[in-house]
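# Architecture and fold: a report
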Amino acid sequence: MTYSGDSDDEYVYVFGYGSLMWRPGFAYIRKFDGYIMNMKRVFWQGSMDHRGTPAAPGRVVTLAHVDHEGHKTWGVVFVIPKEGADVILDSLDYREKGGYLRVRMDVFSSPPCDHGSDADDGQSSILSARDAYVYYGDETNRQYLGPAPACQIASQIYSSFGRSGPNIDYLLNVAKEMDRMNVKDDHITKLMDHIRLLQSAEPPFDASTPVPLYVDDSLPSSSPPRPILCMRKERQRRNSISSGEAKGKIVVSDSAMSAISNLGKALLAAWIVQVEGVFQHTELIAICDLAGTVFARGCVSYSSDEIARIQGAHADNIPSLLGLFRGE
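Residues numbered from 1 in each chain as written. Predicted model: local features only at pLDDT ≥ 70, side-chain atom pairs only at ≥ 80, totals over all residues. Heavy atoms only, no water.

## Re the environment of Met37
Within the secondary structure, Met37 is located in strand S2 (residues 30–37). With relative accessibility at 23%, the residue Met37 sits in the partly exposed group. In this structure the C-alpha to C-alpha distance between Met37 and Asp106, which are 69 residues apart in sequence, comes to 8.1 Å. (Helix = DSSP H or I, 4+ residues; strand = E, 2+ residues; numbered from the N terminus. Buried < 20%, exposed > 50% of the residue type's maximum accessible area, 1.4 Å probe, protein only.)

Below is the structure:
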């Protein structure tokens, strides 16, 4: 077996098999596809923040040992300079604090003709990153959910939502990375099949009856940043929501439209593409997709000026962008 990696004296490797593949969140010199051996990617780790809540956790990937030799789990290797690597690793430790351990594993690559194969004869593998850092959550961590039937896992993913957005977006991004690498991952394939069944069972969305959304006044003013809009069981306000004059408009991404219209989830700042009009906190606004079609109306939690400052931002960054929590 040959070694094709960079000098271990100058560089550090980080291997991502989940969200790190498409959103590393740190600077790197280069990246390349590779795989670790005898571990499988599984949606067995709970997420009580980014893709779910403590009351309704989502599911994200972790690693599990496999009985048979030669199994490959493909992902992305990021090459970073050894100088300054501690700062990056500290930030990753915080990001993965929900039950993940930082361990070291060798990462391999294969000749082009072998790319995507699930089995390995041990002869064609090329050691591409020695002792790469890998984060995974084992069964001892408090957010570990463990195995379950694929239909149950898919249903949980389909209905879960956290501060980073719908859980389903996470699964779709993992599947997209596997497609990019031309890799067949049986676990992901089964989950995607069940997701399609769930989507096909949804009633068609009627754009002529926008989803009513309300300010969630149950959150204390000193709580973490509020969603821009969120669902509430306040039926008496439906008439005013449906017939009132909208003071402005928010244009959102496709992810937001799916989450609101199909799942009844909150609208997050990260999904906002554009703000139109001038409006104040609690005023009625319209929400439209990228084509300009209104699919929801609601009372907003922030003014148009505030939303313009936080549009596209992650929830963690909203306090610094606004300077303070509302009410402080």
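## Topic: the layout of surface pockets
Counted as a void, the second largest pocket has a volume near 290 Å³. Forming the boundary of the second largest pocket are 19 residues, of which Lys40, His71, Asp185, Asp186 and His187 lie nearest the centre. Put simply, the parts of the chain that give the lining of the second largest pocket at least two residues each are strand S3 (39–47), strand S5 (72–81), helix H2 (150–159) and helix H4 (186–200). With four residues, the top contributor of residues to the lining of the second largest pocket is H4. Taken together, the residues of the lining of the second largest pocket break down into seven nonpolar, four polar and eight charged. (1 Å grid on protein atoms, 1.4 Å probe; cavity = no way out; pocket = protein on both sides within 12 Å on 5 of 7 lines; lining within 4 Å. Points joined across faces, edges and corners; volume = space filled by probe spheres on them. Nonpolar A, V, L, I, M, F, W, Y, C, P; charged D, E, K, R; others polar.)

## Describing helix H1 (residues 85–95)
Those residues of H1 not exposed but buried are Ala85, Ile88, Leu89, Leu92 and Arg95. Buried residues of H1, viewed axially, fall in a sector of 115 degrees; they line one side. Those residues of H1 that are exposed and aimed more than 90 degrees away from the buried face are Asp86, Val87 and Tyr94. Buried-residue contacts for H1 involve strand S1 (11–16), S5, strand S6 (101–109) and strand S7 (126–136). (Arc of directions from axis to C-beta. Contact = heavy atoms within 4.5 Å.)

## Let's talk about empty space enclosed by the protein
Scanning the entire structure with this criterion turns up two cavities of 30 Å³ or more. The computed volume of the largest cavity comes to approximately 340 Å³. In terms of lining residues, the largest cavity is bounded by 21 residues, among which Ser19, Val60, Arg95, Glu96 and Tyr100 are the most central. Where the lining of the largest cavity is concerned, the elements lending two or more residues are S1, S3 and strand S4 (58–65).

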